[in-house]
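# Inside the fold
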Amino acid sequence: MKLYKNDLPDNVVFQNSVAIDTETMGLVTKRDRLCLVQMCSSDGDVHMVQILKDQCGKAVNLKRILKDSKIQKIFHFARFDVEILNYTFGIRVNNIYCTKIASKLVRTYTDKHGLKNLCKDMLGVDLSKQEQSSDWGRDSLSEEQLKYAAGDVIYLHQLKEKLDLMLEREGRLGLANRCFDHLQLIADLDLQDICPEELFVH
């Protein structure tokens, strides 16, 4: 687990996929700033970028990876993460996968699709969420915060692998990919304060 300030170093490279999560000051994108971006490679190496206040313009290497369409970005609840990343960095995150959407499409026998639930049910891992609501805007993050942040990305590759098998088995993998393709549109609507769900009701 490695922590950097404001950007990834030049020598950090991700090949075909990277698991990503964000920590912010709150859940209102235009009010609450991005504080941390955590990333995990398929072999379990975790890299975290702390974005200090008014320093988001320095994240050249991070933005390059987020925009790279050849690298799949695996999120849990990608809707929020993509929105805050697009808004903060003025970019388009490309090639998105969302474990929450995948779970809702295929685990229709339950209404529990949170990351903690998925890790427990599918991997037998009891994920702690104790630091979820802590102060992520601090100049110095605690060891407990960093461990929590790492936990939010370190299992996403394994979850994706298991969810893909279920999606393929149930004939819904193509449907899932179509949902992922529309996450950019949903993020754009959210930033305009237009509720996507309301567009499709009478």
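In case you missed it, the structure is sitting above this.
Every value quoted in this text rests on a predicted model; they were computed, and no experiment measured them. (Residues numbered from 1 in each chain as written. Predicted model: local features only at pLDDT ≥ 70, side-chain atom pairs only at ≥ 80, totals over all residues. Heavy atoms only, no water.)

## Description of the packing of aromatic side chains
How we decide: Classification of ring pairs rests on two measures: the distance between centres of Phe, Tyr or Trp rings, Trp counted by its six-membered ring, which must be within 6.5 Å, and the angle between planes, read as stacked under 30 degrees, edge-to-face over 60 and tilted in between. Secondary structure elements follow DSSP: runs of H or I of four or more residues count as helices, runs of E of two or more count as strands, with numbering from the N terminus. For each residue, the accessible area found with a 1.4 Å probe, counting protein chains only, is set against the maximum for its type, and the residue is called buried under 20%, exposed over 50%, and partly exposed in between. Two conditions define a charge sitting above a ring: the NZ of Lys or the CZ of Arg must be within 6 Å of the ring centre, and it must be within 35 degrees of the ring normal.
Tallying each qualifying case throughout the model produces two aromatic pairs. With a centroid separation of 4.6 Å and an interplanar angle of 45°, the aromatic rings of Tyr97 and Phe180 are classed as tilted. Residue Tyr97 is found in strand 6 (residues 96–98), and its partner Phe180 is found in helix 7 (residues 173–181); the two are separated by 83 residues along the sequence. Of the two residues examined, Tyr97 and Phe180, each falls in the buried class. Between Trp136 and Tyr148, the aromatic rings sit 5.9 Å apart at their centres with planes inclined by 40°, giving tilted as the arrangement. Placement of the pair is Trp136 in the loop between helix 4 (115–123) and helix 5 (143–154) and Tyr148 in helix 5, with a sequence separation of 12 residues. The exposure class of Tyr148 is buried, given its relative accessible area of 6%. The aromatic ring of Phe77 is capped on one face by Lys100, whose charged end is 5.3 Å from the ring centroid. Positioned above the aromatic ring of Tyr97 is the side chain of Lys160, whose terminal nitrogen or guanidinium carbon lies 4.9 Å from the ring centre.

## As for a nonpolar patch on the surface
Let me state the cut-off plainly: Like-charged residues are merged into a patch within 9 Å and nonpolar side chains (Val, Leu, Ile, Met, Phe, Trp, Tyr) within 5 Å, provided each residue has over 30% relative accessible area and no salt bridge. Surface accessibility follows the Shrake-Rupley procedure with a 1.4 Å probe radius. Residue values consider only the protein chains on display as shielding. Only one rule defines a salt bridge in this text: a Lys or Arg side-chain nitrogen within 4 Å of an Asp or Glu carboxyl oxygen.
Judged by side-chain polarity, Ile194, Leu199 and Phe200 come together as a nonpolar surface patch covering roughly 350 Å² of accessible area. Position of Phe200 relative to the elements: it lies in the segment after helix 8 (183–191).

## Considering unusual backbone geometry
A positive phi angle is found at Asp54, which is not glycine, with a value near 65°. Mapping Asp54 onto the fold places it in the loop between strand 4 (46–50) and helix 1 (60–67). Note on Asp54: relative accessible area 69%, which makes it exposed. Of note, the phi angle at Asp193 is positive, near 60°, even though the residue is not glycine.

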